[in-house]
Structure formats: C-alpha cells, structure tokens
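Single-letter residue listing:
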Amino acid sequence: MDNYEHLLSVQDLQTSFTIDSGEVQAVNGVSFNLDAGKVLGIVGESGSGKSVTAYSIMQILADNGSIKSGTILYKGEDITKWNEKQMSSFRGKCVSIIFQDPMTSLNPVFTVGNQIKEAIVLHTDKRGKEAEARALEMLTLVGINEPEKRLKQYPFELSGGMRQRVMIAMALACEPDILIADEPTTALDVTIQAQILELMQDLQKKMGMAIIMVTHDLGVIAEMCDEIIVMYGGRVCERGTADEIFYNPRHEYTKGLLRSIPEGSRMKERLVPIAGTPINMLRMPKGCAFCPRCDAAMKICLEEIPEEIWINENHKASCWCNIRDQILAGEGKTNE
Amino acid sequence: MSDNILEVEHLKQYFPIRTGFFETKPLKAVDDVSFSIKPGETLGLVGESGCGKTTVGRSIIRIYKPTDGKVTFDGEEITDKNILKIRRKMQMVFQDPYSSLNPRMTVEDIIGEPLDVHKMYKTRAERREKVLSLMETVGLKPDHASRYAHEFSGGQRQRIGIARALAVDPKFIICDEPVSALDVSIQAQVINMFEDLQKELGVAYLFIAHDLLVVQHISNRIAVMYLGHMVELADANELMDNPVHPYTESLLSAVPIPDPKIARAKQRIVLEGDVPSPLNMPTGCPFRTRCRYATEECAARCPELTDRGNGHLVACLNK
C-alpha cells in the first residue's frame, strides 16, 4: 500500500478570475476525493464552476485566473505547489484532459500521427519508430478504421466523432492514472455520443484509469458515473453515489434539475422548471447560492452558507432544508 | 379543401457545391420529403446534424428557394410572390438567441419590426401597446422594452425571439432548435411557455430539435430524418415505444437516459462508423451502409414511406 489515502484529493479549492468589474470566485471551496478506477461525475449548469475545477487540477487556467487557496493532492503530493516544469511532466503522464470541441483542441497544421507522437515523445522514452508504433497502437485501440492512413491525415479530414477518438488516443497514450473529460460528447450527435461513451467505458476497463466526467447532461452522468458531485455557483451542493443523487436527491437544486427534464413516466406531464435565472457570479448572495431561486428557502438560507450535512454514508448535501425541523424549532416560529 | 394547415409534398432542396474549376455537384440536403401538419398540432422533427432538418424548416418559409416540390399553407401554395403574405401567418424561432437578435435594436424595435413590415398599426402608441402586451405574454417586464439584447440572459433572449415571432399573430411557427442553447433549468421554462402559447393561441409548431426527450415531451407526432430523407413518421409515443426503422431504433437506444438503473440495464445498439457525406450518397436506401439488416435489395432501390397502420409511416424494405 502506498502512503496516500486517495489517488486525487481536492481540498477546499478556491479559484478566481480578475476581470474589469472585480473578482469572480468561479470555484469556492470545492473538495472531493477520487480513487483509482472510479468514475466521478461533476454536473452543473454553465457558470457553475465545473470546468474551472477541472482546469484548476491541470493548472491550465486563463491568464487572469489563479488558485487562491486549497490543496490538490495527487498521490499525497500537493501539486498546487509545483512549478511549471513539474506540471508539464504531470500533464499527460499522470492526468490527461479531453475537451468539448475536438476541432479547436487539435492543431490544424500537424498530422494526427504527429500530434499523438508528440505526447509520447514528451512523456516516455519511446522515440522514432517505437513512438510511431505506439501511436498506431493507440489509434487502433480507440477504434479508428484504417489507422495507418489516419496517422498521415490532418484533423480537418476527420469527422467530429473521429477527432474525439484521436483526442482520447492522445490523452491515453502515456497511460495516465486519471482522465478528465470536459463535456467530451456535447458537440457530438447522439449516435456518435453513444460510440464515444461506449469507448470510454471499454478503455476504462482495459486500462483501469479513473475518470472525472464534467458535463451538464444528466443522461451521460447516469450512464457513466459511480459517484456524482452537483455544483451550483462555484460550490458543491450535493455529492453521493449515482443512485443516491438520482433516486434520493436532498438539495433543492438537484431536485429542481431532475424535475425539469422530461423523462420516462413523467414524459407527457408538464415540466416543473426552476424559477429565475442563473446567478450572477459578481453578485453572489450572502447565504446559499441557490436561495434566490429556491421555493423552500427559509430565513437562514439568506444569511448563512449551508454546511455539508450527512444524509447517509454515501450521500452529503449542503442544504438547510434537510434539518428544517431543527432550524424552525430553534427559531421558534413557522417558516416564512 | 384539406384540414391541414401545412402540406409539404416532395420537397427537394439541393445546393450546388463546386467540386472542380467548372464542375458543380448537387448536395441533396433534402430529398423528396412529404408531410403535413394540422392546426394546433406539434410535429417534432429529429435527426443528427447534417440530416436536413433545419433545411426543411428554412425551405418551407423560403429562406431558401426549394429546388422542387410543393408547399401548401392554409390551402394556398407558397410561391415567391405570396411569401410576404404567408409570413404574416407563418413565423420562425431560431436556435441561437445571440446571433438572431440585432444588437443595435432595442427590445421594443426587435419585437415591433414584424409589425412594421406588415403595417399592422396606425399610431406609434398602438405599436407600443402591442409590443408591451407581447412582452407580457412571454413573461418579460415592461421596463425591458428600452433595453438592448446583450443585457439579457439566454433564456430571456429566446423569449424576445418568441415574442417577435408571435407579433403577427401567426397560425404556425417553425421552431429551429429553440431550446438547445439553453441550460436545463431554463429549457423547462421555455418549453412550458411554448405549450402554454399553443393552448392559448392554437398555434401549430414544427419543432426541430436533436434532443429526443424534449421532442417526445412536446410533440404530438415525430418525424425522423436521415441524410435528407424522412425514414419514419408516427405518433410521438408510438414512435418512442415501437420504433420500426433500424435508424430510429438505434437513435433511441443511443439517448442517454437520466436514470442510472435503466441506463445500466439498457442494451445500446451502437451504430458503426459515421454518417456518409451527402455529396457522396450511397445508392438505394441512404442508411444501408450502417444498417445491420441491409440486403442487396437495399442498394438497388430507395424505400418509400409506407403506412404500417395507424398512420405509422416507415421507409424500410426489411422491417
């Protein structure tokens, strides 16, 4: 046994961006652990901080963004303290990332083979023919037909689904422990999405890496993930196993999210939307971030940021409503 | 006269693509598509990118001039001459609420523009009154009228686009992916609004989208397109429960279901390969290159939509 508890452990991560009108706290105290071979889903709407969390781990934030505090332990070592040189050997070899748009994340002036080889040469001692063989092996592994021909092609010659396969091949070429997938199928059609999800599940079984799946699509989350983190306004509002989150949601935001998608037996019923609009990160409410849109909000929700409350051993939620009775008893009056 | 508000017969939309210095080749974006919509009905149109679903919408309202085929609206054939009059009763809502609103116009002018075009008011005061009542219908506040589009969120912008479409009091609206750019929680608000408007005003929709769960929720009937062809058309629940065409079958099985237990138990039919290029279409049935039931006959001739009972139309030789 190694001397670390979790493969990746993010503790109280705070990431913010400086813009003209002030400072935006995109990630505000996010913590989670990831163990080897697990699939963790991070779900939330645009602006919830899910992608910034992923970029913080890789330290690929935009110039005006930085990690303000918190630790990111990879195999027990705090990588937020690492310098750029250490980070560049970390990226790709320890943790890899694939992005939403496979067209803009591939370099248009180099061939596919060239780009996969680049990663291999950077992180392993394979060179020349050996690196080429590895690149071919990776393309075959991700199920691209005629891999020899593809090696010599440019990204624009490939379809969206194939480009995403190339991205995956590149990301996994050095056998990282963790693959971060930032909305990997959002730009793809459903039948191609099904192919890519299937491929990721397959490769995960074969190579045994852990996956962090960042997406807004609850369907993708349900298919892929063991554990789920729901984010809203830069904070984690609920975390738990997939079954707990989908069948026993205990945060008003998660409940609202699940109610607002047409599904199964409720297919023809009227949808129950979440009222209001997503929060403005420049003007965060004092208490719970979801409070202005929440039907069940109480006085305390306006004032205090909810703590994480254990629902059961597989489930935590940051919502005062879970201890509503205690709070109301303490206030000594009814809810207003 | 038939009781359909819209009838599309053998609609074809080809675009010339330059393949050489002197050569052009037709890209068959829509190839022989026929369907009809009843007043107050919602027809969902689904398919993957490049299947021609958006082109169908645009050809109906003549953003593109159709190559061939006949579109009849309210008993009148649409031609270049009467299109302005037709657009008084037929409107469109676009996918991207960012690029479909003029950034230099106030909300009042955006919503009022169709009224200007069709000369639907006598005094400025009447115009303003109409705009304000439209804004109320779609849930915008009166003080939003003097603001510009960039001051609004995606969901609110889509409401502006819908108010603009409603300005001329249309009987039929083409909705081209109206909710795909919105967040899930906002999506539900806009979908509910579409349903409320239909109940109140009796307007019919052609609802073009790629999200099958949303389409099933809102539609009475659903049509599925693949590579410019319509492959299946049926009642919404019937299509979802009993898909017949192999493409519909695999499309439905590919939809990720937001329910972990169902998702784990589900047998996905994963299609091999990619959609062929519309410039280089397979002979016969367009789907045969990816179809697991394909036979030699499929390469020889293109199947037509045939009724399999209760108005369930399928274009397949083997199923």
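What you are looking at is a predicted structure, and each value in this text was computed from that prediction instead of being measured. (Residues numbered from 1 in each chain as written. Chains lettered and ligands numbered in written order. Predicted model: local features only at pLDDT ≥ 70, side-chain atom pairs only at ≥ 80, totals over all residues. Heavy atoms only, no water.)

### Remarks on the interface of chain B and chain A
The cut-off we apply is this: Contacts between residues were defined by any pair of non-hydrogen atoms, one from each residue, lying within 4.5 Å. A quick way to say it: buried area is the sum, across both parts, of accessible area lost when two parts are put together, with a 1.4 Å probe. Take a side-chain nitrogen of Lys or Arg and a carboxyl oxygen of Asp or Glu: if they are within 4 Å of each other, that pair is a salt bridge. Throughout this description, a polar contact denotes any pair of N or O atoms lying within 3.5 Å of each other; where both atoms belong to protein, one of them has to be capable of donating a hydrogen while the other can accept it, and for residues adjacent in sequence the pair is counted only when both atoms sit in side chains. Segments assigned H or I by DSSP are reported as helices when at least four residues long, segments assigned E as strands when at least two residues long, and all are numbered from the N terminus. Basically, the charged four are Asp, Glu, Lys and Arg, the nonpolar ten are Ala, Val, Leu, Ile, Met, Phe, Trp, Tyr, Cys and Pro, and anything else, Gly included, counts as polar.
Opposite the 39 residues of chain B that make contact, chain A presents 41 residues. Together, His217, Pro258 and Arg268 of chain B form the three largest contributors to the area buried by chain B at its contact with chain A, with a combined 18%. On the surface where chain B and chain A come into contact, there are 5 salt bridges. Linking chain B with chain A are 17 residue pairs in polar contact (both at pLDDT 80 or more). Those elements that place two or more of their residues in the side of chain B that touches chain A are helix H6 (184-201), helix H7 (212-218), helix H8 (236-241), helix H9 (246-254) and helix H10 (260-265) of chain B. A total of 8 residues in the side of chain B that touches chain A trace back to one element, the largest contributor, which is H6 of chain B. Of the residues contributing to the side of chain B that touches chain A, the split by class is 18 nonpolar, 10 polar and 11 charged.

### Quick notes on the sheet that holds strand S1 (residues 6-18) of chain B
Strand pairing in a sheet takes place through backbone hydrogen bonds and is either antiparallel or parallel in direction. Residue and element names in this part refer to chain B. We count it as follows: Pairing between two strands is assigned when DSSP locates at least 2 bridges connecting them. Only C-alpha atoms enter the line fits that serve as axes; for helices the fit covers just the stretch in contact. Angles between N-to-C directions range over 0 to 180 degrees.
As summarised here, the arrangement of the 4 strands in space is S2-S1-S4-S5, forming an open sheet in which the pairing is antiparallel. With partners counted over all chains shown, the strands left at the sheet margins are strand S2 (24-37) and strand S5 (76-77), one partner each. In this structure, S1 lies alongside S2, joined through 10 bridges in antiparallel fashion. Across the sheet, the residue bridging to Glu7 is Ser36, located in S2. The strands touched by helix H1 (residues 53-60) are S1, S2 and strand S4 (68-73); relative to S1, the strand with the most contacts, the crossing angle is about 110°.

### Focus: the packing of aromatic side chains
Residue and element names in this part refer to chain B. The condition is simple: Each Phe, Tyr or Trp ring (for Trp, its six-membered ring) is paired with any other whose centre lies within 6.5 Å, and the angle between the two planes then decides the class: stacked below 30 degrees, edge-to-face above 60, tilted in between. Exposure is judged per residue with a 1.4 Å probe applied to protein chains only, and the accessible area is read against the type maximum: over 50% gives exposed, under 20% gives buried, and values in between give partly exposed.
For the structure on display, the rule yields 15 aromatic pairs over all chains. Summarising the aromatic geometry, the rings of Phe21 and Phe22 are spaced 4.9 Å apart at their centres and angled 85° between planes, so their arrangement reads as edge-to-face. What makes Phe22 exposed here is its relative accessible area of 77%. With a centroid separation of 4.5 Å and an interplanar angle of 55°, the aromatic rings of Tyr226 and Tyr247 are classed as tilted. Here Tyr226 is found in strand S9 (residues 221-226), whereas its partner Tyr247 is found in helix H9, with 21 residues between them in sequence. When sorted by exposure, Tyr226 lands in the same class as Tyr247, which is buried.

### So, a negative patch on the surface
Residue and element names in this part refer to chain A. Heads up, the rule is: Patches here: salt-bridge-free residues with over 30% relative accessible area, like charges joined within 9 Å, nonpolar side chains (Val, Leu, Ile, Met, Phe, Trp, Tyr) joined within 5 Å. Only the protein chains shown count as cover for residues, with accessible areas throughout obtained via the Shrake-Rupley method and a probe of 1.4 Å. A residue counts as positive if it is Lys or Arg and as negative if it is Asp or Glu; His and the chain ends are not included. To locate a charge, take atom NZ for lysine, CZ for arginine, CG for aspartate or CD for glutamate.
Residues Glu5, Asp35, Asp226 and Glu227 make up a contiguous surface patch of negative charge. Within the element layout of this structure, Asp226 appears in the loop between helix H8 (218-224) and strand S9 (227-232). With a relative accessible area of 34%, Asp226 lands in the partly exposed category.

### Quick notes on the sheet that holds strand S10 (residues 235-241) of chain A
Residue and element names in this part refer to chain A. The strand order S6-S7-S8-S3-S9-S10-S12-S11 describes an open sheet built from 8 strands, whose pairing is mixed. Every other strand in the sheet has two partners, leaving strand S6 (95-98) and strand S11 (309-312) as the edge strands with one partner each. Averaged over neighbouring strand pairs, the angle between their axes works out to 20° when direction is ignored. Pairing of strand S7 (residues 178-182) with strand S8 (residues 210-215), which is carried by 5 bridges, proceeds in the parallel orientation. Bridging from a neighbouring strand, Asp182 pairs with Val214 of S8. Where helix H7 (residues 190-207) meets the sheet, it contacts strand S3 (39-43), S7 and S8, and its direction lies at approximately 160° from that of S8. Contacts between helix H10 (residues 252-259) and the sheet are confined to S9 and S10, with S9 contributing the most and set at about 100° to the helix.

### Details of the side chain of Gln153 of chain A
All names here are of chain A. With respect to the element layout, Gln153 can be found in the loop between helix H5 (147-151) and helix H6 (160-172). A relative accessible area of 11% places Gln153 in the buried class. Residues within four places of Gln153 in sequence aside, it is in contact with Thr111, Val112 and Leu158.

### With respect to helix H3 (residues 112-123) of chain A
Residues and elements named next belong to chain A. Where we set the bar: Helix span, as expected, comes to 1.5 Å for every residue beyond the first.
Along its 12 residues, H3 runs 18 Å from first to last C-alpha, staying within 8% of the 16 Å computed at 1.5 Å per residue. Every buried residue of H3 is accounted for by Val112, Gly113, Gln115, Ile116, Ala119, Ile120 and His123. Contacts from the buried residues of H3 go to helix H2 (84-90), helix H4 (128-141), H5 and H6.

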